[in-house]
Amino acid sequence: MITVTVPATSANVGAGFDSLGLALSMHNVFTFEECDRIRISSVDGTHVPTGANNLVYRSARAVYDQLGIPLRGLRITQRNDIPMARGLGSSSACIVAGILGANALLGNKLTSRQMLTLATAIEGHPDNVAPAMLGGFVTSVYDEGQVYSVKKNIDEQLAFAAFVPDFRLLTSKARAALPDMVSHKDAVYNLSRAALATAAFCDGDYSLLGVATKDSLHQKYRLPLIDGGDEMFELAQDLGALAVYISGAGPTIMAVVPRDDQEFFACAQEALPQSEKLKHFTVYRLLPDNTGATVE
C-alpha cells in the first residue's frame, strides 16, 4: 500500500495570478492499492465521488495512460483535512496525490518534472500543484507544455492566518467574475508586485509584503463574491498582518503574520464571533510546509 500526504496551498499570493503559490501545514492523506475494480472511500465522512470521475482516480489514471500501462482499478482512501472549494488547494491535493500514488505503484517511472507537468496539464495552471508537490514558496511558469519552477523555503519565523468562511466558492465561478481584457497599467501593476513578492520571500524582507501582495487583476472582482471579504481584509490589517490577500480563487482570506505574534490569533478569534459580518469565518493558524507531498 502506498500512502501520499499532500499539503494545503495558497495560490496567487496577491499579485502573482496563476504563477505564485505556497504550501501550508494542513494536509490530506491518501492511500493507494491496485485492485481489480474502482474502490474509493473517505475515512473522515467527507463526501467524495466513488467512481471513475473521482479526481484522485482520474489523475492516477493519467499516469497509467502516459506510460501506456492498462489500469483495471484502484483502491483509494482519502482523509480530507483541507476544506473543499475554499481556495486552499483541495483539488490540487487530489491531483498531486493521484499522480504521485500511481507513479509509486508503477515503480517511480516519471521524474518530478514530468509529474509536475502532468499535474499542471490537469489543473490548467501551476500555482497550486507546484507548491503542493514541492513545498515552500514556488514561482512557476507553464510554457509550451512544460513547467518551470523555482522553490524557496519559507522562513519558519512566519505564520499564516487562514480566515475560512462557512461557504464554498467554486473556482469556475470566481474565474467567471474576471474581465476578458485588462489594461496595460493593471498588467504592469501586477508584474512589478509579483516580482517584488518573490524577491521579498527570497531576501527575507517581509516588510515589503504589504505592498507586494496588492493586486489589480483579480481580487477586486472576487471580493464581492465573498460575504464579509472587505471587512475581513480590514480586520486582519488592523490586527497588524504583514500582508492580506485572497487565497487562490477564494473565499478564504489569508494573512501573513510573524510566527511569535500570538496576540494576532487571540484577537482574531475574539473578534470574529462578535461581528455579524465576520462570524461565519473561522481562523486557522498555519505554518509553512517546506517539504511538500510525501510518499511512503
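In every chain, residue numbers begin from 1 and rise along the written sequence. The predicted origin of the model limits local features to residues at a pLDDT of at least 70 and limits the giving and counting of side-chain atom pairs to 80 or more, whereas totals for whole chains, interfaces and linings rest on all residues. By convention in this description, side-chain values take in all heavy atoms of the structure and omit both hydrogens and water.

Participant: Outline the nonpolar core, supporting the account with residue identities and numerical values.
Facilitator: The biggest cluster of nonpolar side chains holds 66 residues, and the ones touching the most others in it are V6, L22, F160 and F201. Elements are defined by DSSP. Helices are runs of H or I of four residues or more, strands are runs of E of two residues or more, and each kind is numbered from the N terminus. Here this core takes 9 residues from helix α2 (residues 90–105), the largest share from any one element. Residue contacts are defined here by distance: any two heavy atoms, one from each residue, within 4.5 Å place the two residues in contact. Setting aside residues no more than four positions away along its own chain, L22 makes contact with A8, T9, S10, V13, P131, G136, F137, I154, F160, F201 and Y245. By convention a nonpolar core is built from buried Ala, Val, Leu, Ile, Met, Phe, Trp, Tyr and Cys residues, the set being connected through side-chain atoms within 4.5 Å. Burial here depends on accessible area, computed with a 1.4 Å probe over protein chains only, as a share of the maximum for the residue type. Under 20% is buried, over 50% is exposed, and the range in between is partly exposed. Formed by 26 residues, the second largest nonpolar core is a distinct cluster that contains L223, A249, F264 and F281.

Participant: Got a sec to walk through helix α10 (residues 262–271)? Specific residues and values, please.
Facilitator: Every buried residue of α10 is listed here: F264, F265 and A268. Buried residues in α10, looked at end-on, bunch into an arc of 90°, giving them a common side. In α10, those exposed residues whose orientation departs by more than 90 degrees from the buried face are E263 and E270. The arc in question is traced by the directions running from the helix axis to the C-beta atoms.

Participant: So what's going on with the pairing of strand β3 (residues 39–42)? Which residues, and what values?
Facilitator: When DSSP finds at least two bridges between two strands, those strands are taken to pair. The sheet contact formed by β3 and strand β4 (residues 74–80) spans 4 bridges and is parallel. Each bridged residue has a counterpart across the sheet, and for I40 the counterpart in β4 is I76.

Participant: Tell me what's going on with the environment of S92, and back it up with residues and numbers.
Facilitator: Relative to the helices and strands, S92 resides in helix α2. Along the backbone, S92 and L225 are 133 residues apart, and their C-alpha atoms lie at a distance of 22 Å.

Participant: Go over unusual backbone geometry with me, naming the residues and quoting the values.
Facilitator: Most peptide bonds are trans, and most residues other than glycine sit at a negative phi. Residue P251 is bonded to the preceding G250 through a cis peptide linkage, with omega at 10°. Notably, N12 is not glycine yet its phi reads approximately 80°, a positive angle. Residue position: N12 is located in the loop between β1 (2–11) and β2 (20–34). Positive phi values are uncommon outside glycine, yet E144 reaches one of about 50°.

Participant: Outline the pattern of salt bridges, supporting the account with residue identities and numerical values.
Facilitator: Side-chain pairing between opposite charges can occur once the charged atoms of the two side chains come close. Salt bridge, as used here, is a side-chain nitrogen of Lys or Arg placed within 4 Å of a carboxyl oxygen of Asp or Glu. The final tally for this structure, using the stated rule, is 7 salt bridges. The partner of R175 in a salt bridge is D18, with the nearest N and O atoms 2.6 Å apart. With R175 in helix α5 (residues 171–176) and D18 in the loop between β1 and β2, this pair connects stretches of sequence that are 157 residues apart. Among the residues examined, R175 registers a relative accessible area of 29% and is labelled partly exposed. In this structure, D186 and K220 form a salt bridge, with 3.8 Å as the shortest nitrogen-oxygen distance.

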